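Residues per chain are reported as follows:
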Amino acid sequence: GQSLEQPSEVTAVEGAIVQINCTYQTSGFYGLSWYQQHDGGAPTFLSYNALDGLEETGRFSSFLSRSDSYGYLLLQELQMKDSASYFCAVRARNTDKLIFGTGTRLQVFP
Amino acid sequence: GAGVSQSPSNKVTEKGKDVELRCDPISGHTALYWYRQSLGQGLEFLIYFQGNSAPDKSGLPSDRFSAERTGGSVSTLTIQRTQQEDSAVYLCASSPGGLTDTQYFGPGTRLTVL
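What this report covers is the structure whose coordinates are included nearby. Bear in mind that the values here come from a model prediction, so they are computed numbers and not experimental data.

1. Quick word on the environment of Gly97(B)
Stage number 1. In this structure, Gly97(B) sits in the loop between β8 (88-95) and β9 (104-105).
Stage number 2. Along the chain, Gly97(B) and Ser5(B) lie 92 residues apart, while their C-alpha atoms are 18 Å from each other.

Here it is in structure tokens:
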């Protein structure tokens, strides 16, 4: 089966850097995605790692290591608007459906 | 173009009643997902449609839940004999299919069962 574990909550101050980890157990998947969800809103796509290594998109970067069954989302120069929940997700090869992690609530303080 | 739309945005019903939730995916998207999200919780997978293949219903919590997708486009999630524990936000998402992992979510339907 597949399961993805994330810390339930992370706090940081404006301007700081924060890393949200995602550890997974899966029999095989195509890649690791990250989604952001503000309170009362729908999840929106942030990034996708098909291969091991770091993908950078502006202030956000995402990393994947298949050998370590581990990935993370790195948020730099934090802003108040980054306060949201963040979900990692994988598409399992055997079922072809996207499975979401437990989610991490990020709170950014001034 | 237009994004994923869902209706109604809010639904309040009495325990025991049936409800229907509608999802209009992005035109041309072959994959469609339904999720359920309780307050402050993660996304619970319910059902997945991909093209003309048989849907993956492995996430449906009970036989009171069913979903269909007509003509490979609009989808309806039906909950029969609603219970208070069915109260949640029901999210629909679509994607172009293939190996892309990018899903586009609708705004959700907030269901409250009294």
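2. Quick word on the pattern of salt bridges
Residue and element names in this part refer to chain A.
Stage number 1. Counted by the stated rule, this structure contains five salt bridges over all chains.
Stage number 2. Between Arg 105 and Asp 39 there is a salt bridge, with its nearest N and O atoms 2.9 Å apart. Taken together, the residues span a long stretch of sequence, with Arg 105 in strand β11 (residues 104-109) and Asp 39 in the loop between β4 (29-37) and β5 (44-49) at a distance of 66 residues.
Stage number 3. Using a relative accessible area of 33% as the deciding quantity, one classes Arg 105 as partly exposed.
Stage number 4. When its relative accessible area of 59% is taken as the criterion, Asp 39 is described as exposed.

3. Comments concerning unusual backbone geometry
Stage number 1. Residue Pro8(B) is reached from Ser7(B) by a cis peptide bond, and omega for that bond is -10°.
Stage number 2. Considering the arrangement of structural elements, one finds Pro8(B) in the loop between β1 (5-7) and β2 (10-13).
Stage number 3. Even without being a glycine, Glu77(A) presents a positive backbone phi close to 45°.
Stage number 4. Position of Glu77(A) relative to the elements: it lies in the loop between β8 (70-75) and β9 (84-92).
Stage number 5. For Glu77(A), a relative accessible area of 53% gives the class exposed.
Stage number 6. Non-glycine residue Arg81(B) carries a positive phi angle of around 50°.
Stage number 7. By the element assignment, Arg81(B) lies in the loop between β7 (75-79) and β8.

4. Quick look at the sheet that holds strand β3 (residues 19-24) of chain B
Residues and elements named next belong to chain B.
Stage number 1. Read from one edge to the other, the open sheet built from four strands follows the order β1-β3-β7-β6, with strand pairing classed as antiparallel. Taken across any chain shown, the strands that pair with only one partner, and hence form the sheet edges, are β1 and β6 (65-69). Geometrically, the sheet is characterised by an average inter-axis angle of 15° between neighbouring strands, direction not taken into account.

What counts and what doesn't
Residues numbered from 1 in each chain as written. Chains lettered and ligands numbered in written order. Predicted model: local features only at pLDDT ≥ 70, side-chain atom pairs only at ≥ 80, totals over all residues. Heavy atoms only, no water. Helix = DSSP H or I, 4+ residues; strand = E, 2+ residues; numbered from the N terminus. Salt bridge = Lys/Arg side-chain N within 4 Å of Asp/Glu carboxyl O. Buried < 20%, exposed > 50% of the residue type's maximum accessible area, 1.4 Å probe, protein only. Pairing = 2+ DSSP bridges. Axes fitted to C-alpha atoms, helices over the stretch in contact; angles between N-to-C directions.

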